[in-house]
Amino acid sequence: MTLKEVRRRWKPVKITVYKDWIKKFENESSPIGDLARDIIHDKNFPKSKSKSYILRYLYNKPACKDAIDTFTKSWDLYRKENCGEGGADMPLSQALEFIKKWNPETGTVCDLEGPYTSAYMKTRNLCKKENTPENEALLRKVVKYRKHIPNQGVADLNRRLYREGNILRANRIIASDHQGYCLLHRAIDEDGRPKNTLFQIYTLKEVERRLDNRRKAE
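Rules used in this analysis
- Residues numbered from 1 in each chain as written.
- Predicted model: local features only at pLDDT ≥ 70, side-chain atom pairs only at ≥ 80, totals over all residues.
- Heavy atoms only, no water.
- Salt bridge = Lys/Arg side-chain N within 4 Å of Asp/Glu carboxyl O.
- Phe/Tyr/Trp six-rings, centres within 6.5 Å; stacked < 30°, edge-to-face > 60°.
- Helix = DSSP H or I, 4+ residues; strand = E, 2+ residues; numbered from the N terminus.
- Buried < 20%, exposed > 50% of the residue type's maximum accessible area, 1.4 Å probe, protein only.
- Patch = residues over 30% accessible without salt bridge, like charges linked within 9 Å, V, L, I, M, F, W, Y side chains within 5 Å.
- Areas by Shrake-Rupley, 256 points an atom, 1.4 Å probe, with all protein chains shown as cover.
- Lys, Arg positive; Asp, Glu negative; His and termini not counted.
- Charge placed at Lys NZ, Arg CZ, Asp CG, Glu CD.
- Arc of directions from axis to C-beta.
- Core = buried A, V, L, I, M, F, W, Y, C linked by side-chain atoms within 4.5 Å.

### Observations concerning the pattern of salt bridges
Link 1 in the chain: Counted by the stated rule, this structure contains 6 salt bridges.
Link 2 in the chain: Through salt bridges that share partners, Asp20, Lys23 and Lys47 make up one connected network.

Structure follows, in structure tokens:
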């Protein structure tokens, strides 16, 4: 795998911290607007991307129940807007437009996964409700992108990596691609924050093989 391929598949994404994200609600007359103004005037509010870390800060402050409830609700929106979540809920027209414009030479497989999932599920449901030639043709167009979707064997390997002592000096696999390569992020703390920016590339089969060899040696 060349460096160019690595950069294409796992292009770094800048994620806005929650404290900066909520500033856009400053002028709203709503609970989230009240919370935004409180956070803006709180010089000690953490610049963190960790929900548990911020919650601990709010509980220790202590913040009122309404403020904590508002934070919890707003966090879901923050995650959808900043961390790539919610793509699977994208409207069909928007998802189809996205995958139509997605270019495997410039886009990343992580960018594609949410819109593809939305388009596939919705077009499949259309075919179930109304099995017309047009709907079937639309589904076939969407399915062509399946080959680009990341490998799905990551969750089990992450559980093994955690359970069996992080033998690759990596806490978790953060991405994989359709060719079976995975990107491991090393030194993640209990809140999911990186302690450093070290990454390592393996094939999923290599991760599994090393875990199997370690188990045999024990």
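### Topic: the packing of aromatic side chains
Link 1 in the chain: Under the defined criterion, the tally for this structure stands at 11 aromatic pairs.
Link 2 in the chain: Consider the rings of tyrosine 18 and tyrosine 78, whose centres lie 5.6 Å apart with planes at 85°: the pair is edge-to-face. Linking tyrosine 18 in helix α2 (residues 18-21) with tyrosine 78 in helix α5 (residues 65-82), this pair joins segments that are 60 residues apart in sequence.
Link 3 in the chain: The class for tyrosine 78 is buried, based on a relative accessible area of 0%.
Link 4 in the chain: A centroid spacing of 5.5 Å and a plane angle of 80° characterise the contact between phenylalanine 45 and tyrosine 57, whose relative ring orientation is edge-to-face. Placement of phenylalanine 45 in the loop between α3 (31-40) and α4 (51-60) and of tyrosine 57 in helix α4 is noted, with a sequence separation of 12 residues between them.
Link 5 in the chain: Grouping aromatic residues by their ring pairs yields a cluster made of Tyr18, Trp21, Phe25, Phe45, Tyr57, Phe71, Trp75 and Tyr78.

### Considering a positive patch on the surface
Link 1 in the chain: A contiguous patch of positive charge, built from Lys100, Arg140, Lys141 and Lys144, is present on the exposed surface.
Link 2 in the chain: Locating lysine 144 in the fold gives a position in the loop between α8 (133-143) and α9 (154-163).

### Section: α4
Link 1 in the chain: Taken together, the buried positions of α4 are occupied by Ile54, Leu55 and Leu58. One face of α4 carries all of its buried residues, which in axial projection span an arc of 100°. For α4, exposure combined with an orientation more than 90 degrees from the buried face picks out Tyr59 and Asn60.

### Structural notes on the nonpolar core
Link 1 in the chain: In this structure, Tyr18, Trp21, Ile22, Leu35, Ile54 and Phe71 are the most contacted members of the largest nonpolar core, which totals 17 residues.
Link 2 in the chain: Broken down by secondary-structure element, the contributors of at least two residues to this core are α2, α3, α4 and α5.
Link 3 in the chain: The element that contributes the greatest number of residues to this core is α5, accounting for 5 residues.
Link 4 in the chain: Among the nonpolar cores identified, the runner-up in size contains 11 residues, and Ala95, Ile99, Leu112 and Val142 belong to it.

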